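Listed here are the chains, written in short residue letters.
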Amino acid sequence: MIDVKAIGESLREKVAGAEVKTDKRPCGRIVYSGDGVLRIDGLQGVKYNELLEVEGGYRALALNLEEDSVGAVLFEGDDKVGYGDLAFSTGETVQMRVGQALLGRVVDPLGEPLDGMGAVAAEEHRPVEFPAPAIMDRAKVDKPLQTGILAIDSMIPIGRGQRELIIGDRQTGKTAIAVDTILNQRGGDVICIYVSIGQKASSLAKIVSTLRENGAMPYTCVVCSTADDAVPLQYLAPYSGCALAEYFMYRGKDVLIVYDDLSKHAVAYRTMSLLLKRPSGREAYPGDVFYLHSRLLERAAKLSEEKGGGSITALPIVETLAGDISAYIPTNVISITDGQIYLESELFNSGVRPAVNVGLSVSRVGGSAQCRAIRGISGQLRVNLAQYRELAIFMQFGSDLDAETQKTLSRGMKMTDTLKQRQYLNYSVREMIVLLLVSGSDLVDKIPERKMVAYNEGLLDYLRTNHADLIASVDPDAQVSEELRAKVLEAAEQYVNVTVGDEGAYGEEEAEEIAKA
């Protein structure tokens, strides 16, 4: 016989001992899922950019707030989430893990480690979207951020708190300038953040390897979203990197952040917007694509002393197509930033590296963020190079040139060679002052054009070895005295006589050997 009473008693005991789980968060049901995009019905009170939780432990970002539904994009699990699943409101916007522990690490846009070095110890979080500092909280940009690249520090100076765009076609050295700038902060007081947006994983691995080999990782954090990551992660990456930069800035630190690159960021945002059925405008970008970058770059600033005096210097990178800087995204970002460094394919292919086009490059902060010594020496540098370029074009017609014009052409060519610089070969400020003093003197007339690059590198080695006290005596914050100028030119002339001689007897390899000896 079946004991119904015993069965009932057993069921009552189990029900009484069961743990009741109730989720009081607002929830809705997914009525569409495809291409990483969700449409959720019944979800009330959601904020823009709010983080949503989906059944199965997946996360989504609310972007479209419509009258009867919410449009969201998934960070992961687009093949696991389907029709009918529940989505819960968290009441929080997306947060980025921040803290000193992130330096030396490679993390994703949510602060999760990707370098296989264990969990990140940082427990603090900041919202990835944060208001830019108010105008009254900002101070004048007046302290230089040295890149170690002579062509930039002498003619297109970058100040701490500035936003300087690096723009050019693919394969013209944009990332190389950004990486060199990070490497040049070694031993200084600047914290660096490199943000990768939609790059190939192999390219990113090379950059991280370069930073490690050159001892830059202890003061650098890499925030990465590769090309195979979900589009929402590529969209979030620069904002997450900026949240980490703000953590240090509001603690009085100077931060350098590189966004590589904002062209891919705009494409990721366009992809999300089109899938969410937002109206499209020029080049199929949504109408708020300008605001996409302006609210990011305006967060870079130099804070006043009352606010701690920290700064964020932003180096956004934008890729052009066939040198067209009048395209939609390039013109948007140019109008937001405080100047641009334009890299030209023709210069790059002709061996001028970094391939900086002096005519189209500009720093709107200018001499305010430049060492006094360099500002005094390089005043005529841009004008002289422009004159040389005009004469070089005129020379193509094959006209007979007088001696003075030939001298101007020769000096312009040698100045162009002086501004050439190998990757990862960064100059200190004092070394730049020495090179500018020599290149602007009559001494360069003794050096054959084909030996100019080798002469510059050899001269610095020679001075480091035999005249270290002379380089140490250069004061970047004071005008160069006539006495110091004479001493530098005298030492440079000694090196010219040894390596070049009266008839230019030595080749580049022999000159390097002599310099090492």
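Just so we're clear, the structure is a prediction, and the values are computed from it rather than from any experiment. (Residues numbered from 1 in each chain as written. Predicted model: local features only at pLDDT ≥ 70, side-chain atom pairs only at ≥ 80, totals over all residues. Heavy atoms only, no water.)

Participant: Explain the overall build of the protein chain to me, please; I cannot follow it from the model alone.
Facilitator: Broken down by element type, the protein chain carries 17 helices and 16 strands. Taking the principal axes of the C-alpha coordinates as reference, the protein chain spans close to 120 × 45 × 45 Å. Counting the 517 residues in the protein chain, one finds 52% classified as buried. Within the protein chain, contacts between residues separated by at least 24 positions form 73% of all contacts whose residues are at least 6 apart in sequence. (Helix = DSSP H or I, 4+ residues; strand = E, 2+ residues; numbered from the N terminus. Buried < 20%, exposed > 50% of the residue type's maximum accessible area, 1.4 Å probe, protein only. Contact = heavy atoms within 4.5 Å.)

Participant: In this structure, what is going on with the pairing of strand β13 (residues 254-260)? I would like to understand it.
Facilitator: Within a regular beta strand, the side chains point alternately toward one face of the sheet and then the other, so they alternate between its two faces. Taken across its seven residues, β13 has seven buried, putting it largely inside the fold. What you see with β13 is no split at all: Asp 254, Leu 256, Val 258 and Asp 260 on one side and Val 255, Ile 257 and Tyr 259 on the other are buried throughout. Relative to β13, strand β11 (residues 190-199) runs parallel, the two sharing seven bridges. Bridge assignment links Ile 193 to a residue of β13, and that residue is Ile 257. (Pairing = 2+ DSSP bridges.)

Participant: Help me out: how do you make sense of the packing of helix α13 (residues 429-439) against helix α16 (residues 482-499) in this one?
Facilitator: Relative placement of two packed helices is described by the angle separating their axes and the distance separating the axes. Close contact between α13 and α16 brings their axes to 10 Å; oriented N to C, the two are set at 80 degrees. Accordingly, the angle class assigned to the pair α13 and α16 is roughly perpendicular. Here Val 434, Leu 437 and Val 438 of α13 come into contact with α16, specifically with Arg 485, Val 488, Leu 489 and Ala 492. Residue composition of the contact of α13 with α16, by class: six nonpolar, no polar and one charged. (Axes fitted to C-alpha atoms, helices over the stretch in contact; angles between N-to-C directions. Parallel < 35°, antiparallel > 145°, perpendicular 65-115°, else oblique. Nonpolar A, V, L, I, M, F, W, Y, C, P; charged D, E, K, R; others polar.)

Participant: Honestly, the sheet that holds strand β10 (residues 165-168) in this entry has me stumped. Any pointers?
Facilitator: Each strand in a sheet pairs with its neighbour through backbone hydrogen bonds, running either in the same direction (parallel) or in the opposite one (antiparallel). Here we have eight strands laid out as an open sheet, ordered β8-β12-β11-β13-β14-β10-β15-β16, and mixed in their pairing. The two strands at the open ends of the sheet, each matched to only one other strand, are β8 (106-107) and β16 (362-363). Strand direction decides the pairing type here: strand β15 (residues 339-343) and β16, joined by two bridges, are antiparallel. From the neighbouring strand, Gln 340 faces β16, where its bridge partner is Val 362. In this fold helix α8 (residues 328-336) packs onto β10, β14 (311-319) and β15, with an angle of close to 155 degrees to the strand it touches most, β10.

Participant: Could you clarify how one ought to interpret the side chain of Gln 370 in this entry?
Facilitator: Relative to the helices and strands, Gln 370 is located in the loop between β16 and α10 (372-377). A distance of 3.0 Å separates a polar atom in the side chain of Gln 370 from the backbone oxygen of Asp 153. Leave out the neighbours within four places in its chain, and Gln 370 touches Pro 144, Asp 153, Ser 154, Met 155, Pro 157, Arg 375 and Ser 378. (Polar contact = N/O pair within 3.5 Å; in protein donor to acceptor, adjacent residues only side chain to side chain.)

Participant: Mind showing me how you'd approach the pattern of salt bridges here?
Facilitator: A side chain of one charge can pair with a side chain of the opposite charge if their charged atoms are brought near each other. Tallied over the entire structure, the rule returns 25 salt bridges. Across the pair Asp 254 and Arg 160 runs a salt bridge, and its minimum N-O distance is 2.8 Å. Of the two residues, Asp 254 is situated in strand β13 and Arg 160 in the loop between α2 (150-155) and β10; the sequence distance between them amounts to 94 residues. Accessibility assignment for this pair places Asp 254 and Arg 160 in one class, buried. A salt bridge links Glu 493 to Lys 446; the nearest nitrogen and oxygen atoms lie 2.7 Å apart. Taken as a pair, Glu 493 in helix α16 and Lys 446 in the loop between α13 and α14 (452-466) lie far apart in primary sequence, 47 residues in all. Residues joined by salt bridges that share partners form a network here, namely Arg 138, Arg 163, Glu 298 and Asp 338. (Salt bridge = Lys/Arg side-chain N within 4 Å of Asp/Glu carboxyl O.)

Participant: Help me understand the side chain of Ser 273, please; the structure alone is not making it clear to me.
Facilitator: Along the chain, Ser 273 turns up in helix α6 (residues 262-275). You can call Ser 273 buried: its relative accessible area is 3%. Once you skip the residues sitting within four places of it in the chain, Ser 273 turns out to touch Arg 278 and Pro 286.

Participant: Mind showing me how you'd approach the confidence of the model for the protein chain here?
Facilitator: Of the residues in the protein chain, 94% have a pLDDT of 70 or more, and the chain-wide mean is 90. Per-residue pLDDT, averaged within each element of the protein chain, yields its smallest value for helix α17 (residues 508-516) (49) and its largest for β14 (98). Segment residues 502-508 is flagged for pLDDT under 50; beyond a separation of four residues in sequence, or across chains, it makes 14 contacts in the model. (pLDDT = per-residue confidence, 0-100.)

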